[in-house]
Amino acid sequence: PFLHSRLLIQLICEHYVSLNKGKPTGALSIDADILDIVDDATTEAKHVADANLGIAPEVEIRSVDGPFVPPPIIRSWIHHAIV
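Trainee: Residues and numbers for the overall build of the protein chain, please.
Mentor: When helices and strands are tallied, the protein chain shows three helices and two strands. For the protein chain, the α and β elements follow one another from N to C terminus as α-β-α-β-α. Since a compact globule built from 83 residues should have a radius of gyration of about 12 Å, the 15 Å found for the protein chain marks it as more spread out than a globular shape. Along the first, second and third principal axes, the C-alpha set of the protein chain runs to 35 × 35 × 30 Å. For the protein chain, the proportion of its 83 residues judged to be buried stands at 14%. Accessible surface, the protein chain as shown: approximately 6700 Å² in total, 63% of it carbon and sulfur.

Rules behind the numbers
Residues numbered from 1 in each chain as written. Predicted model: local features only at pLDDT ≥ 70, side-chain atom pairs only at ≥ 80, totals over all residues. Heavy atoms only, no water. Helix = DSSP H or I, 4+ residues; strand = E, 2+ residues; numbered from the N terminus. Rg over C-alpha atoms; globule rule 2.2 N^0.38 Å. Buried < 20%, exposed > 50% of the residue type's maximum accessible area, 1.4 Å probe, protein only. Areas by Shrake-Rupley, 256 points an atom, 1.4 Å probe, with all protein chains shown as cover.

Next comes the structure, spelled out in structure tokens:
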């Protein structure tokens, strides 16, 4: 219950801040580019690994061919889950 409440409060705050900064969408993205989010997160994870361990693994991102319908996502949560 506590974590659920905390995540919902974070989502509401992030949505409010995003909209007040003039961004076209709030925290929830309906048409976000998943590959862009994964690329940003892997780049950040490589920097963190290099800074802390002195080595960072190479990461190869592949997309699947075919029709892709982007799901509604919360960009910051996906990014955080990957990093």
